[in-house]
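# An overview of the molecular structure
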Amino acid sequence: VPMVQAARASVVLKSMFTFLVLGVSGWTIAQTVQLHYSGKSQKIIIAVAESNKILSNPEFYSRINNIQQFDNSTYNGLQISKEIKNLNKTIEIEGYWNPFGIANAKTVTVVRLSTTKLRISNGSLINTIVHETVHAVDFCTNKVLDYTHDGNKSKEQENTAPWVIGAIAENLAR
């Protein structure tokens, strides 16, 4: 229970997450997108808290930076990681009931997770949250989807930015 309380406390913080980046002249502070969930699902509370930790982890961005090309995009990993780090917005995470889908980026700053699909592993839920966050960042940055995918099945989509970056997040959650 204390872990759940700590996770809830980190989720409801309104201030932006910051992370340390080793720059040429030493450590610098950078801001990144922040996820916020105010619902009661313990599974989502924990997954959002872990997603925020990953979004503040320099290793996450290092792994993205190394990707030279994504399918369905002219952007490389370095360009996308910069957009995620520089967005400086809060993305709201909402639960909703939908037996036919797991998640969607409903609006620019809202990601909706189907509460009927929460039997998936915590890592898979983190993957989904970060995947949908990538869509939100993509659209928030310039109102155009520059690094998305066609369709909602991973088959033949696994090298698109949302799928790859979600998988990186899932890997770091282990």
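This write-up is about the structure you can find in this document. Because the structure is predicted, anything quoted here is derived from the model rather than measured. Along each chain, numbering runs from 1 in the same order as the chain's sequence is written. Thresholds applied to this predicted model are a pLDDT of at least 70 for local features of residues and 80 or more for the giving and counting of side-chain atom pairs; totals over whole chains, interfaces and linings are not thresholded and use all residues. Side-chain metrics rest on all non-hydrogen atoms present in the structure, leaving aside hydrogens and water.

### Regarding the packing of aromatic side chains
Centres within 6.5 Å are what make two rings of Phe, Tyr or Trp a pair, Trp counting through its six-membered ring; a difference in plane orientation under 30 degrees is then read as stacked, over 60 as edge-to-face, and the rest as tilted. Counting across every chain of the model gives two aromatic pairs. Between Phe60 and Tyr61, the ring centres sit 5.1 Å apart and the planes meet at 80 degrees, which makes this aromatic pair edge-to-face. The residues Phe60 and Tyr61 share a single accessibility class, namely buried. Between the aromatic rings of Tyr75 and Tyr147, the centroid separation amounts to 5.2 Å while the plane-to-plane angle is 50 degrees, which identifies the pairing as tilted. Residue Tyr75 is located in the loop between helix 3 (58–65) and helix 4 (77–86), and its partner Tyr147 is located in the loop between helix 5 (122–142) and helix 6 (161–173); the two are separated by 72 residues in the primary sequence. Given a relative accessible area of 15%, Tyr75 falls into the buried group. Accessibility here uses a 1.4 Å probe with only protein chains present; expressed as a share of the type maximum, an area under 20% marks a residue as buried, one over 50% as exposed, and anything in between as partly exposed. Comment: elements are numbered from the N terminus, with helices defined as DSSP H or I runs of at least four residues and strands as E runs of at least two.

### Observations concerning the nonpolar core
Side-chain atoms within 4.5 Å are what join buried Ala, Val, Leu, Ile, Met, Phe, Trp, Tyr and Cys residues into a set we call a nonpolar core. If you look at the biggest cluster of nonpolar residues, it comprises 38 residues, and the most contacted ones within it are Ile44, Phe60, Ile80, Ile84, Ile93, Ile129 and Ile165. Those elements giving two or more residues to this core turn out to be strand 3 (34–37), helix 2 (42–55), helix 3, helix 4, strand 4 (90–96), strand 6 (110–114), helix 5 and helix 6. With eight residues, helix 5 is the largest single contributor of residues to this core. In this structure Ile80 touches Phe70, Tyr75, Tyr147, Ala161 and Ile165, once residues within four positions along its chain are discounted. In this analysis, two residues are considered to be in contact whenever any of their non-hydrogen atoms come within 4.5 Å of each other.

### A look at the environment of Leu35
Inspection of the secondary structure puts Leu35 in strand 3. Classification of Leu35 as buried rests on a relative accessible area of 0%. For Leu35 and Ile93, which are 58 residues apart along the polypeptide, the C-alpha to C-alpha distance reads 6.7 Å.

### Some words on the side chain of His36
One can find His36 in strand 3. A relative accessible area of 8% means that His36 is categorised as buried. Throughout this description, a polar contact denotes any pair of N or O atoms lying within 3.5 Å of each other; where both atoms belong to protein, one of them has to be capable of donating a hydrogen while the other can accept it, and for residues adjacent in sequence the pair is counted only when both atoms sit in side chains. Among the polar contacts made by the side chain of His36, one reaches the side chain of Glu92 at a distance of 2.8 Å.

### Notes on the pattern of salt bridges
The salt bridge definition used is simple: a Lys or Arg side-chain nitrogen within 4 Å of an Asp or Glu carboxyl oxygen. Per the stated rule, a full pass over the model turns up two salt bridges. We note a salt bridge from Glu59 to Arg63, for which the minimum N-O separation is 2.8 Å. In this pair, Glu59 and Arg63 both sit in helix 3, four residues apart, roughly one turn of the helix. Using a relative accessible area of 29% as the deciding quantity, one classes Arg63 as partly exposed.

### Observations concerning unusual backbone geometry
You will see that Asn72, though not glycine, has its phi angle at about 65 degrees, which is positive. Here Asn72 shows up in the loop between helix 3 and helix 4. What makes Asn72 partly exposed here is its relative accessible area of 41%. Backbone geometry places Lys143, a non-glycine residue, at a positive phi of 65 degrees. Relative to the assigned elements, Lys143 resides in the loop between helix 5 and helix 6. Overall, Lys143 belongs to the exposed group, its relative accessible area being 53%.

Nothing here speaks to function; it is geometry throughout.
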